[in-house]
Protein chains: 2
Amino acid sequence: MAFSEFRPLDEKSLIEYIKATPSLSSKIGDKCDDLTIKEVGDGNLNFVYIVIGSSGSFVIKQAIPYVRCIGESWPMTKERAYFEALALKEHGQLCPDHVPEVYHFDRTMSLIGMRYLEPPHIILRKGLVAGVEYPLLAEHMSEYMAKTLFFTSLLYRTTSEHKRAVAEFCGNVELCRLTEQVVFSDPYKVSQYNRWTSPYLDHDAEAVREDNILKLEVAELKSKFCERAQALIHGDLHTGSVMVTPNSTQVIDPEFAFYGPMGFDIGAFLGNLILAFFAQDGHTDEGNDRKTYKEWILRTIEETWTLFHKKFTALWHQHKDGSGEAYLPEIYNKPELQQLIQEKYMKDLFHDSLGFGAAKMIRRIVGVAHVEDFESIKDASKRAACERQALELAKTLLKERRKFQAITEVISAIRKLQS
Amino acid sequence: MAFSEFRPLDEKSLIEYIKATPSLSSKIGDKCDDLTIKEVGDGNLNFVYIVIGSSGSFVIKQAIPYVRCIGESWPMTKERAYFEALALKEHGQLCPDHVPEVYHFDRTMSLIGMRYLEPPHIILRKGLVAGVEYPLLAEHMSEYMAKTLFFTSLLYRTTSEHKRAVAEFCGNVELCRLTEQVVFSDPYKVSQYNRWTSPYLDHDAEAVREDNILKLEVAELKSKFCERAQALIHGDLHTGSVMVTPNSTQVIDPEFAFYGPMGFDIGAFLGNLILAFFAQDGHTDEGNDRKTYKEWILRTIEETWTLFHKKFTALWHQHKDGSGEAYLPEIYNKPELQQLIQEKYMKDLFHDSLGFGAAKMIRRIVGVAHVEDFESIKDASKRAACERQALELAKTLLKERRKFQAITEVISAIRKLQS
């Protein structure tokens, strides 16, 4: 093999690489002469190539040892590709319908070969900005989260399996640190990387930095993020990590994966749907007031949690006499006790999800990385008005999450801000 | 070196081993001819030899690949010696006054050579049964716990240091599983290993197995034990893991060490002091009603927590601008906010400690391994009466721990059971 040490590929060397790699070249019928290769890495970190031949296709994702959108001044381990591949394979086995298949992984090259999600797949966030409804989204995402989280938790795993896996993913520490910084730290202090829609939100950003109760609550969430190895989480499950068509939902980019709190994934997804909701007022035009679409988003938020709850508890019930070591059947042996246990577990998970979701919303408004939902609103004062509503909701959720008993109450709180 | 693979030593082969091991033979002036060797392993798991020469001494502790007191039918990894040595060295660096020095570790042989804790050092539990006061005990143990727990937590460590250490100690999973079984599972179900003072406590044991709320609470604690990597804990910090003289307090036997919840250590120590308290009525005789001694135990319980709180928060204050990544000084920048954060942290830790302490008490009364405090009470009905009071307190602590605001309220609850 020609590549015995790491080197970043380009379109030309990629072809050499494919020729020398049977698990890739076989996907295109070993015909490398008529390939179309397109670099499409619009993320912040990696290079992504779409490779299409006359009889097949795949995607190549290569991590480079720094943050692509910043440059070599911000080093970032390329070992993240290893954890991404590991998580793709693990989650893919648990939920093959919603995770793209991995064809090839090369640790030396930090390179993953995987299924090309062909058109009309687009990034969910872009669909949400465009106002496209995805009737199966809640069903699919709740399925993905229920399966990946349940089966990697102690509800299903033995302690031995759990600790072995936890230890392995401790290696993904650099990506965990990045999350700690951008989600749990930067928004709450003066940081060179922070930005917001200025001057409109200057006071709002300052209020976040001055809010003692908010900081108290975000500290609790951060400590859960750092210390609680509950399940193998995706670690970055916003609407930019999901590709969709009306019939297909595919979760990509789990390079932040590690054993952390389940609510971090659930919250990331719900929180980003809430951001999409509040952004809609910035995307109205004469032909479309987006009212129907906003209702669809709210329904999707509600259904995602409701279906997740249903699927997760169904898996639990199905496997309650299995190998999971959290609740031994000899102890949790009566239906009313199982009921009690499950209600407590799901209530705590709901509150975690609201808290983490809120933290993810806040950081997208006053932190370093913003979302296209808001960024694409050209009129800054309009954008700021949308962002302010989202920020207000997020602060309430973060500080008072334990008062929310049901997802419908969250929907009501969202509506209230718009009345 | 003669021992290239594991073999259990006896008095004779131990001498050969010492001769071939400079780090040991140097401790006795390289004179192996006049050695006195005594096997004293009265624990459940290992062989322990005291080696005394004319110009020095040490202790040899060797793990064997099964549970000593049961036999080869209960296998138990001898790798526990590796984690014990690691914890002894780590905790020893952080708190050398209260951890015996390690002279030698041999992973192949699962063998630790360490300081011999010479007479009048005795196991604290034996001192408590005998009614001996240790005026410095609270001071020393609070010092040990504050230092070992603070310095191995994210209050002092960076995320990178933390995750590396967490991963390493994930390897000690077999010992964690043993704790899960004997502390969090067996007492709450019918198990061949359980025993209690029968027939007196038959109903009490059954009541534990039938108590839904108790089981709900113990599940929450178990999940913290399995999932929360808060600090490098000793993992078995009862009064049998402490050796004392009036002036010296030495913590031994950290073979259960791993990254877990701090409250598990604090609770283990406090809970075992409470067991010692309730056992005193079984140790009265004509000359000694143990009343004064009981007051000393209560004072020691109160002071241990109070001093721990003081020392731990002092370390926190001293290192608040250090490398610890839990609470960045730029965010937690105001005295009143620091106050808020600290109060919340210490309140949660207090409640964790009460919960874990209670769980450790319960398992010593209706689980597999009992304590000499009670076992040495010959009269079964008297013993059962003592145990029942301890069990009642433990159930209250476990179920209602969040209602306790201060250690003095725990002391009051203890007194109330005796009135």
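Structure shown above.
All values reported here derive from a predicted model rather than from experimental measurement.

Conventions we followed
Per chain, residues are indexed from 1 in the order of the written sequence. Each chain gets a letter, beginning with A, and each ligand a number, beginning with 1, in the order they are written. Since the coordinates come from a predicted model, pLDDT governs what is reported: local features require at least 70, and pairs of side-chain atoms require 80 or more to be given and counted, while whole-chain, interface and lining totals use all residues. Water and hydrogen atoms play no part in the side-chain values, which are based on all heavy atoms of the structure. Numbering of helices and strands runs from the N terminus, with a helix taken as a DSSP run of H or I at least four residues long and a strand as a DSSP run of E at least two residues long. Exposure classes here rest on a 1.4 Å probe applied to the protein chains alone. A residue is buried below 20% of its type maximum, exposed above 50%, and partly exposed in between. Any two residues whose heavy atoms approach within 4.5 Å at even a single point are treated as in contact. Lines fitted to C-alpha atoms define the axes, with helix axes restricted to the stretch in contact, and inter-axis angles between N-to-C directions lie between 0 and 180 degrees. The labels follow the angle: roughly parallel below 35 degrees, roughly antiparallel above 145, roughly perpendicular from 65 to 115, and oblique for the rest. The hand of a helix crossing depends on one turn: near helix anticlockwise from the far one by less than a right angle means left-handed, and clockwise means right-handed. Under the convention adopted here, Pro, Cys and the residues Ala, Val, Leu, Ile, Met, Phe, Trp and Tyr are nonpolar, Asp, Glu, Lys and Arg are charged, and Gly plus all remaining residues are polar. Pairing between two strands is assigned when DSSP locates at least 2 bridges connecting them. Buried area is understood as the total, over both parts, of accessible area removed when two parts are fitted together, assessed with a 1.4 Å probe. The term salt bridge refers to a side-chain nitrogen of Lys or Arg lying within 4 Å of a carboxyl oxygen of Asp or Glu. Counted as a polar contact is a pair of N or O atoms within 3.5 Å, where, for protein atoms, one must be capable of donating a hydrogen and the other of accepting one, and residues adjacent in sequence contribute only when both atoms are in side chains. The reported arc concerns the directions from the helix axis to the C-beta atoms and nothing else. Copies are brought into register by a least-squares superposition over C-alpha atoms of residues with pLDDT of at least 70 in both. What makes a nonpolar core is a set of buried Ala, Val, Leu, Ile, Met, Phe, Trp, Tyr and Cys residues whose side-chain atoms join them at distances within 4.5 Å.

Draft legend 1. Expanded view of the environment of glycine 131 of chain A. All names here are of chain A. Following the sequence through the fold, glycine 131 ends up in the loop between helix H4 (124-130) and helix H5 (137-151). Residue glycine 131 is classed as partly exposed on the basis of its relative accessible area, which comes to 24%. Residues glycine 131 and arginine 290, 159 residues apart in the sequence, show an inter-C-alpha distance of 7.4 Å. Not counting residues up to four positions away in its chain, the partners in contact with glycine 131 are Arg290 and Tyr293.

Draft legend 2. The packing of helix H8 (residues 202-210) of chain A against helix H14 (residues 380-400) of chain A, seen in detail. Residues and elements named next belong to chain A. Where H8 contacts H14, the axes come no closer than 11 Å and their chain directions differ by 15 degrees. One finds that H8 runs roughly parallel with respect to H14. Of the two possible hands of crossing, H8 and H14 adopt the one that is left-handed. Residues Asp204, Ala207 and Val208 of H8 form the contact with H14, whose participating residues are Arg388, Leu391, Glu392 and Lys395. Class assignment for the residues of the contact of H8 with H14 results in three nonpolar, no polar and four charged.

Draft legend 3. Structural view of the sheet that holds strand E7 (residues 111-114) of chain B. All names here are of chain B. Here we have five strands laid out as an open sheet, ordered E1-E2-E3-E7-E6, and antiparallel in their pairing. The strands lining the two open edges of the sheet, one partner per strand, are strand E1 (36-39) and strand E6 (102-106). Strand-to-strand twist across the sheet, computed as the mean angle between neighbouring axes with direction ignored, equals 15 degrees. Its contacts with the sheet place helix H3 (residues 80-94) against strand E2 (46-53), strand E3 (56-63), E6 and E7, and it is angled at close to 30 degrees to E7.

Draft legend 4. Region of interest: the sheet that holds strand E11 (residues 249-251) of chain A. All names here are of chain A. The strand order across the open sheet built from three strands is E8-E10-E11, with neighbouring strands paired in antiparallel fashion. Taken across any chain shown, the strands that pair with only one partner, and hence form the sheet edges, are strand E8 (122-123) and E11. Seen against the sheet, H5 touches strand E10 (242-244) and E11 and runs at an angle of roughly 35 degrees to E11.

Draft legend 5. Region of the structure containing the interface of chain B and chain A. If you look at the interface, chain B gives 46 residues, while chain A gives 46 residues. In this assembly, chain B packs against chain A so that about 4,100 Å² is buried in total across both faces, 56% of it on carbon and sulfur atoms. Counting the surface chain B buries against chain A, the share from its top three residues, Lys163, Leu216 and Glu227 of chain B, is 17%. On the surface where chain B and chain A come into contact, there are 10 salt bridges. Where arginine 177 of chain B meets glutamate 325 of chain A, a salt bridge forms, and the shortest distance between an N and an O atom there is 2.4 Å. Put simply, chain B and chain A have 20 residue pairs in polar contact (both at pLDDT 80 or more) between them. In terms of residue count, the dominant contributor to the side of chain B that touches chain A is helix H9 (residues 212-227) of chain B (11 residues). Across the side of chain B that touches chain A, the residue classes break down as 23 nonpolar, eight polar and 15 charged.

Draft legend 6. Local environment of helix H6 (residues 159-169) of chain A. Three or more residues of H6 of chain A are buried, namely Thr159, His162, Lys163, Ala165, Val166 and Phe169 of chain A. Summarising the axial view, the buried residues of H6 of chain A lie within an arc of 165 degrees, below the 170-degree limit, and thus occupy one face. Packing partners of the buried residues in H6 of chain A comprise helix H3 (80-94), strand E9 (231-233) and strand E12 (258-260) of chain A together with helix H7 (173-185), H9 and strand E12 (258-260) of chain B.

Draft legend 7. Summary view of the relation of the copies chain B and chain A. Expressed as a screw operation, the relation of chain B to chain A combines 0.0 Å of axial shift with a rotation of 180 degrees, fitting to an RMSD of 0.0 Å. The operation mapping one copy onto its partner corresponds to a two-fold rotation axis.

Draft legend 8. Representation of the nonpolar core within the structure. The biggest cluster of nonpolar side chains holds 246 residues, and the ones touching the most others in it are Phe312 of chain A together with Phe312 of chain B. Filtering out sequence-adjacent residues up to four positions away, phenylalanine 312 of chain B remains in contact with Ala146, Leu149, Phe150, Leu155, Met262, Tyr345 and Met346 of chain B.

Draft legend 9. Region of interest: the side chain of threonine 245 of chain B. Residue and element names in this part refer to chain B. For threonine 245, the position within the fold is in the loop between strand E10 (242-244) and strand E11 (249-251). Judged by its relative accessible area of 8%, threonine 245 is buried. When near neighbours in sequence (up to four residues on either side) are disregarded, threonine 245 contacts Pro120, His121 and Tyr134.

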